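# Coordinate inspection notes
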Amino acid sequence: MAIVAVVAILLIGEVTVYTDVYRSDSELILDSDGYGLVMDTNYSIDYLVMSSYSEVNSSPREFLIYRDVTYGSYLEDSYLDHTIRCFEDEFRIYNFMMYRIVDAAEVAEVLSGDLESKDASGHALLFLSGVLPDTIYGDSELLEDWLALGGSVYWSGSTFGRYVAHPRSSENPVEEYDTDPGDRFLGVSGGIGTSKSDRRGSDPSADRYIGDALNMFYDNCNYGVRSDVPDSLFIGYESEGYNSVSVCRYAGGTGQICIFGGRFPPSDMQTGHSNIIKVFISNISYDSVFFDIIEGHKGSGSIGVQLSDNLIAGSVVYVYYGSMLGTYACAYRI
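Anyway, here's the lowdown on the structure attached to this text. (Residues numbered from 1 in each chain as written. Predicted model: local features only at pLDDT ≥ 70, side-chain atom pairs only at ≥ 80, totals over all residues. Heavy atoms only, no water.)

### As for the overall build of the chain
A count of helical and extended segments in the chain gives 6 helices and 22 strands. C-alpha atoms of the chain, sized along the principal axes, occupy 65 × 45 × 35 Å. Sorting the 334 residues of the chain into buried and exposed places 58% on the buried side. The contacts of the chain with a sequence gap of at least 6 include a subset with a gap of at least 24, amounting to 73%. (Helix = DSSP H or I, 4+ residues; strand = E, 2+ residues; numbered from the N terminus. Buried < 20%, exposed > 50% of the residue type's maximum accessible area, 1.4 Å probe, protein only. Contact = heavy atoms within 4.5 Å.)

Below, the structure is given as structure tokens:
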């Protein structure tokens, strides 16, 4: 591939780069052959280059991690604090600073602001506690209005939408609110699992090739999404018709809900969070169209790969060095 010109921010788009402590770099270039990617490291490493387009995820999103010690939780505090530290540690490796931790009042403030501006494309919410706070769900319709507008949620811990959290000082800090949230959020009765048994998937889900490329090996299907839910990507494993990792359209609008079908057990604690980060940074959505999935191994130095001729404005080119845990990740937005 002839490399003629380096495109800094591509003039028609933008680039978000995450770097690490090693000499790790990449450049998206444009020449007479089209778009290409140059990868440069001073060490040997496996790599992935994935290009895709999503109308839903057409803009970069700030990653908001919900954590409120004054509110009830389905999971214990020590688990939540440790998992959030894992997220922060990996974000530091990638030099990713577009995240913050928000409490129940702050998440309501963000969603209200997005609804007032009629634009929910700038934020993504992560819930690890297995509950949704009463400031946005239950008696409040903030979450569902925000999802209808195009908001994005990442979830693990229990059945999405089943429980509402109240202040711990209240009589009932965790309240069961909806016994069939699959119908409410995905438009399919029983579409989200409610099993508390240890249901582990071993059969590849319908879109497992994406999870394979991302080196994702999460298999808990207890609270996963059923395979007949439309407008979804299933990139993990399946058990009894439910999937371990699902990216789905909110039935009431254009928003997306990414559901991991359980909590991260001790055996997954060092890598479970990384699965969510990979889905987020790579920009995968239920409407994603994939142009390139290029995997390989490189030695020290630079190599170049040619990208698809089908890339269009708004496409994302994701490059990742590493296997289950990474040393570098970069998302170029054309």
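Structure's up, so let's keep going.
### Let's talk about the sheet that holds strand β11 (residues 174-176)
Strand order in the open sheet formed by 3 strands is β8-β10-β11, and the pairing between neighbours is mixed. Edge positions in the open sheet fall to β8 (132-133) and β11, since each of these has one partner strand only. Looking at chain direction, β8 and strand β10 (residues 163-165) are connected through 2 bridges and run parallel. In the strand pairing of β10, leucine 132 is matched with valine 164. (Pairing = 2+ DSSP bridges.)

### Observations regarding the pairing of strand β3 (residues 34-41)
By the criterion of burial, β3 is predominantly enclosed, with 8 of the 8 residues buried. In this structure, strand β2 (residues 24-31) lies alongside β3, joined through 8 bridges in antiparallel fashion. By the bridge assignment for β3, isoleucine 29 is matched with glycine 36. Between β2 and β3, which pair antiparallel one after the other, the connecting turn spans 2 residues.

### Concerning the packing of helix α2 (residues 104-117) against helix α3 (residues 142-149)
Interhelical geometry of α2 versus α3 gives an angle of 45° and a closest axis separation of 10 Å. Comparing the axis directions of α2 and α3 gives the class oblique. Viewed along their axes, α2 and α3 form a crossing whose handedness is left-handed. For the pair α2 and α3, the contacting residues are Ala108, Leu111, Ser112, Asp114 and Leu115 in the first and Leu142, Leu143, Asp145, Trp146 and Leu149 in the second. A breakdown of the residues in the contact of α2 with α3 according to their chemical character gives 7 nonpolar, 1 polar and 2 charged. (Axes fitted to C-alpha atoms, helices over the stretch in contact; angles between N-to-C directions. Parallel < 35°, antiparallel > 145°, perpendicular 65-115°, else oblique. Left-handed = near helix turned anticlockwise from the far one by under 90°. Nonpolar A, V, L, I, M, F, W, Y, C, P; charged D, E, K, R; others polar.)

### Regarding the packing of aromatic side chains
Geometrically, a pair of aromatic rings is defined through the distance of the ring centres and the angle of the planes. The tally for this structure, following the rule as stated, stands at 20 aromatic pairs. Aromatic pair tyrosine 137 and phenylalanine 185: ring centres 5.7 Å apart, planes at 45°, arrangement tilted. Of this pair, tyrosine 137 sits in the loop between β8 and α3 while phenylalanine 185 sits in helix α4 (residues 181-186), and the two are 48 residues apart along the sequence. For the pair formed by tyrosine 137 and phenylalanine 185, the shared burial category is buried. Centre to centre, the rings of tyrosine 154 and phenylalanine 280 are 5.9 Å apart; their planes meet at 90°, and the pair counts as edge-to-face. Of this pair, tyrosine 154 sits in strand β9 (residues 152-155) while phenylalanine 280 sits in helix α6 (residues 272-281), and the two are 126 residues apart along the sequence. Above the ring of tyrosine 79, the side-chain terminus of arginine 263 is found at 4.2 Å from the ring centroid. (Phe/Tyr/Trp six-rings, centres within 6.5 Å; stacked < 30°, edge-to-face > 60°. Lys NZ or Arg CZ within 6 Å of the ring centre and 35° of its normal.)

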